[in-house]
Amino acid sequence: MSSPLHQFEIHTILPLNVGGYDVSLTNSSLFMFLAVISATIFFVLGMQKKALVPGRFQAAAEMLHNSVANIVGDTAGEHSKPYFPLIFSIFIFILFCNMLGMIPYSFTVTSHILVTFFLALIVFLAVTITGFAKHGLHFFSLFVPAGTPIVMVPLMFVLEVFSFCVRPFSLAIRLFANMMAGHIMLKVFAGMAVMLLAAGGATVILLPLPVLLNVALTGFEFFVAGLQAYIFSILAAVYLHDALELH
Amino acid sequence: MTELDKKIKAFEKTRAEAKAPMFKKMSGTNAGRVGYEFLIATLFFAGIGFVIDMQLETTPWVTLALFFIGFITGIYNAWRVMNVDSEKVGAKYKAPPKSEIGSHDITMPLGRKRDEDENQP
């Protein structure tokens, strides 16, 4: 039986070398492409009819759009509309990567920290650049909470800068750890069922336990897949709120 | 009349204050974040300290120093999640209007009030 970590291995599907850089098509990049393609198909097909009374497809597409629009509007404030496409794209990409990863024998792109880190870095850079572009050097006032006594300002400034710098890591590790831990658990309990079966004899009586647990865990993983995409986008909106409104 | 309005408003304000929960309402998203934000900040700074220690061969001093900085940042982050972010996430959610028809005043035929009309079979 293979190790529970075997599912996270990256292997090359189409070797490609451009200018000394390895840009081969791997299973990771294949599933990223698949996520983008399936998301595009989902929304193009969903919005094709533009019916006043939506069908199932259109209702699903509209529901996703509206829920993210609500998150951004409620959390990031009234000036957040131009940034909605960014947060929506990130949400849909993570959601589709997570959901594609739930298909057996597929690969979960978001279970690699490098992928989630660069997603978080996009948010971090977008927030920082937006903040400086909108407020100039006044953006630094974000690091001094309102009502701070003068004596405390240097300390609070340093703390806030530290806190600001930890953000991309906390965003990245949350998504990566949740996805990886869930998939390892699924594999461990599936492996347990196989081992019980292989052991033969009376141990077969125990077989329903890991199998039933795996059924429950699969449902839970679908929940986590959606929830983590939601949390990622809601935190991106919170950080965006800081850059737009400064407090 | 205006004085009465003022009194009613003042009363409603005190009533709202009395009804307000002692702790700020936290959404589930935020409640789960408190411990996590603390942990990540601590580990992040300790990790950076460890890498610097490996490079400069000053084990364990930079790790220790950055661990404490991370610890303080972590506590501050947890406090932030509880107090600052709570006001942003979920708190601003407004219930959608009941329906387009219900929110507008519909002119009823003379002599009938709307409430009575709705009670009729």
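Residues numbered from 1 in each chain as written. Chains lettered and ligands numbered in written order. Predicted model: local features only at pLDDT ≥ 70, side-chain atom pairs only at ≥ 80, totals over all residues.

Q: What exactly am I supposed to notice about the overall build of chain B here?
A: Each helix and strand in chain B was counted, giving five helices and zero strands. Taken from the N to the C terminus, the helices and strands of chain B come in the order α-α-α-α-α. Of all 121 residues assigned to chain B, the portion counted as buried reaches 17%. (Helix = DSSP H or I, 4+ residues; strand = E, 2+ residues; numbered from the N terminus. Buried ≥ 20, exposed ≤ 12 C-beta atoms within 10 Å, placed from the backbone.)

Q: Looking at this model, I keep getting lost on the overall build of chain A. Mind explaining?
A: Counting its secondary structure elements, chain A contains six helices and four strands. Written out in order from the N terminus, the α and β elements of chain A read β-β-β-β-α-α-α-α-α-α. Principal-axis analysis of the C-alpha atoms places the extent of chain A at approximately 75 × 50 × 45 Å. In chain A, buried positions account for 29% of the 247 residues. Restricting the contact set of chain A to residue pairs at least 6 apart, pairs at least 24 apart contribute 65%. (Contact = placed C-beta atoms within 7 Å.)

Q: Where do I start with the packing of helix α1 (residues 27-46) of chain A against helix α2 (residues 56-76) of chain A in this structure?
A: The packing of two helices is summarised by the inter-axis angle and the distance between the axes. Residues and elements named next belong to chain A. Relative orientation of the contacting elements α1 and α2 amounts to 115 degrees, with a least axis distance of 8 Å. Where α1 crosses over α2, the handedness of that crossing is left-handed. Counting all contacts with α1, which are made through Phe-42, Phe-43, Leu-45 and Gly-46, the residues of α2 involved are Phe-57, Gln-58, Ala-60 and Ala-61. For the contact of α1 with α2, the per-class residue count stands at six nonpolar, two polar and no charged. (Axes fitted to C-alpha atoms, helices over the stretch in contact; angles between N-to-C directions. Left-handed = near helix turned anticlockwise from the far one by under 90°. Nonpolar A, V, L, I, M, F, W, Y, C, P; charged D, E, K, R; others polar.)

Q: Would you mind showing me how to read the interface of chain B and chain A here?
A: The accessible area lost on association of the parts is a frequent measure of interface size. Contact residues are listed per partner, giving 17 residues for chain B and 14 residues for chain A. Listing elements by their share of the side of chain B that touches chain A, those giving two or more residues are α2 (28-56) and α3 (61-83) of chain B. Of the residues contributing to the side of chain B that touches chain A, the split by class is nine nonpolar, three polar and five charged.

Q: Would you explain the environment of Phe176(A) in this entry?
A: Residue and element names in this part refer to chain A. As for its position among the elements, Phe-176 is in helix α5 (residues 153-199). Accessibility expressed as a C-beta count within 10 Å gives 22 for Phe-176, which makes it buried. A sequence separation of 155 residues divides Phe-176 from Tyr-21, and the C-alpha atoms of the two residues are 26 Å apart. With sequence-adjacent residues up to four places away left out, Phe-176 is seen in contact with Thr-110, Ser-111, His-112, Ile-113 and Thr-116.

Purely geometric numbers; function is a separate question.
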